[in-house]
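# Architecture and fold: a report
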Amino acid sequence: MSEEKKKTCDCEHGHEHEHDCDCGCGCEADEDVVMLVDEDGTEIPFYHIATLDHEGKEYACLQQADDEDPVVEIFELEEIEEADDVYYNFLPIDDELYEILYKKLEEEVAAMTDDCCGDECECHHHEEK
């Protein structure tokens, strides 16, 4: 797995495009895009949405960066230590666990959205409610 740098908003308010965030919500641009390799050896860029803890394990919530209709993918994180380096394997999860974790992700995003700007907010992510 390799990493590529790219400017993306990390505020988790539904920004699905590259930009320097100036929506006034206080979010900061994040430059990390995770490159995953599929079974055919093709590198696919993903935005990191969140990392969730559930029953003692960590899960990465990712969204494909170059997809016109991106879907949130959730993987179990397996930490691998080799010499002085730490790597992560992204392991698939079953549908039942996906539903549990996706609901948890929605709750976290909703809590962040509600608290981001106060009552006077005109951010575009509030238009989706």
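What this report covers is the structure whose coordinates are included nearby. (Residues numbered from 1 in each chain as written. Predicted model: local features only at pLDDT ≥ 70, side-chain atom pairs only at ≥ 80, totals over all residues. Heavy atoms only, no water.)

If you tally the helices and strands in the protein chain, you get one helix and six strands. Across the protein chain, helices and strands are ordered from the amino to the carboxyl terminus as β-β-β-β-β-β-α. Taken across its 129 residues, the protein chain has 33% of its residues classed as buried. Across the protein chain, every contact between residues at least 6 apart in sequence was considered, and the portion connecting residues at least 24 apart equals 39%. (Helix = DSSP H or I, 4+ residues; strand = E, 2+ residues; numbered from the N terminus. Buried < 20%, exposed > 50% of the residue type's maximum accessible area, 1.4 Å probe, protein only. Contact = heavy atoms within 4.5 Å.)

Time to look at the nonpolar core. The tendency in soluble globular proteins is for nonpolar side chains to be buried as a group. Grouped together as the largest cluster of nonpolar side chains are 16 residues, with contacts concentrated most on Cys-61, Ile-74, Ile-93, Leu-101 and Leu-105. Where this core is concerned, the elements lending two or more residues are strand S2 (29-37), strand S3 (43-54), strand S4 (57-64), strand S5 (72-82) and helix H1 (95-115). Beyond its immediate stretch of four places on either side in the chain, Ile-74 contacts Tyr-59, Ala-60, Cys-61, Ile-93, Tyr-98, Leu-101 and Tyr-102. Grouped together as the second largest cluster of nonpolar side chains are eight residues, Val-34, Ile-44, Leu-62 and Phe-75 included. (Core = buried A, V, L, I, M, F, W, Y, C linked by side-chain atoms within 4.5 Å.)

This part takes up the pattern of salt bridges. The final tally for this structure, using the stated rule, is one salt bridge. Residues Glu-76 and Lys-57 are paired through a salt bridge, measuring 3.8 Å at the closest nitrogen-oxygen approach. Taken as a pair, Glu-76 in strand S5 and Lys-57 in strand S4 lie far apart in primary sequence, 19 residues in all. (Salt bridge = Lys/Arg side-chain N within 4 Å of Asp/Glu carboxyl O.)

All right, on to the pairing of S5 then. With five bridges joining them, S4 and S5 adopt antiparallel strand pairing. Pairing of Ala-60 across the sheet is with Phe-75, part of S5. In the sheet, S5 pairs with strand S6 (residues 85-91) via seven bridges, with the strands oriented antiparallel. Along S6, the bridge assignment pairs Glu-78 with Asn-89. Hairpin connection of S5 to S6: two residues between the antiparallel strands, including Ala-83 at a positive phi of 55°. (Pairing = 2+ DSSP bridges.)

The backbone of Glu-55 shows a phi angle near 50°, a positive value even though the residue is not glycine. You will see that Ala-83, though not glycine, has its phi angle at about 55°, which is positive. Assessed through its relative accessible area of 81%, Ala-83 is described here as exposed.

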